[in-house]
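These are the residues of each chain, in order.
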Amino acid sequence: MGKTYERIDGRLRAFIEEQPLFFTATAPLSGDGTVNLSPKGLKGSFAVLDEHTVAYLDFAGSNAETVAHLRENGRITLMWCAFQGPPNIVRVHGRGEPVFRDDPRFEELRARFPDIDPSPHGLRAIIVVHADLVRDTCGYAVPFMTYDEDRDLHGKRFAREDDASLSAYFEKKEHIATSIDGLPGLPLPLPPAPPSAPPSPARPI
């Protein structure tokens, strides 16, 4: 019932771009380390960069487990579920990396997200994932659920922070600079955000 794909295009790309929610899973190399699973939302914060590469904006939060795990070993799985319409589950298994604010690639990558203003959300990094394996499965047991709208609470909370206060907020949190298992997480202090770049033209894939 499952199918493996060589690339992210056509129907597969359309499906994942339509979903308002996806999940990320990462883990440290240690056999007794903490597996992390996170939901990701906010319309416009996910992008397909090409047939084998996707990315999403990593916003302010109370931990940085995904960042820490990717810095250690790069392994990541992304998952989308159809909560409306025909049943479907899509997983992208791959290697990811956090691109931080002071990385030369950051500004160009940020321009690939023209449908969201990241400034109210405390943008920390952009997670880029190179797909090794792309699969879908039936999703017959996934329930129907309706999407109403994104919550506005995240933007309201972090819009009042500037770079200095955001760094101070992160430094107070136990698992931002260091993961639950003691791995290096988000580098602090947070580098200043570069000026906004104009959106780049759509790139055919």
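Residues numbered from 1 in each chain as written. Predicted model: local features only at pLDDT ≥ 70, side-chain atom pairs only at ≥ 80, totals over all residues. Heavy atoms only, no water.

**Q** I would appreciate a short explanation of the overall build of the protein in the present structure.
**A** Helix and strand counts for the protein come out as five helices and eight strands. Along the chain direction, N to C, the helices and strands of the protein fall in the order β-α-β-β-β-β-α-β-β-α-β-α-α. Relative to the compact-globule value of 17 Å for 205 residues, the protein shows a C-alpha radius of gyration of 17 Å, a close match. A principal-axis box enclosing the C-alpha atoms of the protein has dimensions of 50 × 45 × 30 Å. (Helix = DSSP H or I, 4+ residues; strand = E, 2+ residues; numbered from the N terminus. Rg over C-alpha atoms; globule rule 2.2 N^0.38 Å.)

**Q** Help me understand the nonpolar core in this model?
**A** Across soluble globular proteins, nonpolar side chains show a tendency to be buried alongside one another. Judged by nonpolar contacts, the single largest core of 33 residues is most densely connected at I8, I16, F46, L78, W80 and F170. Where this core is concerned, the elements lending two or more residues are α1 (10-18), β4 (46-50), β5 (53-58), α2 (65-72), β6 (75-81), β7 (89-100), β8 (125-137) and α5 (163-172). Here the element with the most residues in this core is β8; it accounts for five residues. (Core = buried A, V, L, I, M, F, W, Y, C linked by side-chain atoms within 4.5 Å. Buried < 20%, exposed > 50% of the residue type's maximum accessible area, 1.4 Å probe, protein only.)

**Q** For this particular structure, what's the right way to read α1?
**A** For an α-helix the count is 3.6 residues per turn, leaving residues at separations of three or four pointing the same way. Those residues of α1 that fall on the buried side of the exposure criterion are L12, F15 and I16. In an axial view of α1, the angular spread of the buried residues amounts to 90°, which keeps them on one side of the axis. More than 90 degrees from the buried face of α1, the exposed residues found are G10 and E18. (Arc of directions from axis to C-beta.)

**Q** Would you take a moment to explain the layout of surface pockets for this structure?
**A** Reported here for the largest pocket is a volume of approximately 1100 Å³. What lines the largest pocket is a set of 40 residues, and nearest its centre among them are L21, P39, K40, G41 and L42. Put simply, the parts of the chain that give the lining of the largest pocket at least two residues each are α1, β3 (36-40), β5, α2 and α4 (153-158). Considering each element in turn, the lining of the largest pocket owes the most residues, four residues, to β3. Counted by class, the lining of the largest pocket contains 18 nonpolar, 13 polar and nine charged residues. (1 Å grid on protein atoms, 1.4 Å probe; cavity = no way out; pocket = protein on both sides within 12 Å on 5 of 7 lines; lining within 4 Å. Points joined across faces, edges and corners; volume = space filled by probe spheres on them. Nonpolar A, V, L, I, M, F, W, Y, C, P; charged D, E, K, R; others polar.)

**Q** Help me understand the packing of aromatic side chains in this model?
**A** Two aromatic rings are characterised by how far apart their centres lie and by the angle between their planes. All told, the structure shown has six aromatic pairs when counted by the stated rule. Here F22 and Y56 contribute two aromatic rings whose centre-to-centre distance is 5.5 Å and whose plane-to-plane angle is 70°, an arrangement assigned as edge-to-face. With F22 in strand β2 (residues 22-26) and Y56 in strand β5, this residue pair connects regions lying 34 residues apart in the sequence. Y56 shares its class with F22; the two are buried. Put simply, the rings of F22, F46, Y56 and W80 pair up and form one aromatic cluster. Looking at R157, its charged tip hangs above the ring of F158, at a distance of 4.7 Å from the centre. Of note, R157 hangs over the ring of Y169, and the distance from its end group to the ring centre comes to 4.9 Å. (Phe/Tyr/Trp six-rings, centres within 6.5 Å; stacked < 30°, edge-to-face > 60°. Lys NZ or Arg CZ within 6 Å of the ring centre and 35° of its normal.)

**Q** Looking at this structure, how should I read the pattern of salt bridges?
**A** Where side chains of opposite charge bring their charged atoms close, a pairing between them can arise. What the rule picks out here adds up to ten salt bridges. A salt bridge links D136 to R11, with the shortest nitrogen-to-oxygen separation between them at 3.7 Å. A residue pair is termed long-range when its members are at least 10 positions apart, and D136 in strand β8 and R11 in helix α1 qualify at 125 residues. Judged by relative accessible area, which is 8%, D136 ranks as buried. Across the salt bridge formed by R157 and E161, the nearest N and O atoms sit 2.8 Å from each other. Since its relative accessible area comes to 24%, R157 is described here as partly exposed. (Salt bridge = Lys/Arg side-chain N within 4 Å of Asp/Glu carboxyl O.)

In short, shape yes, function no, at least from these values alone.
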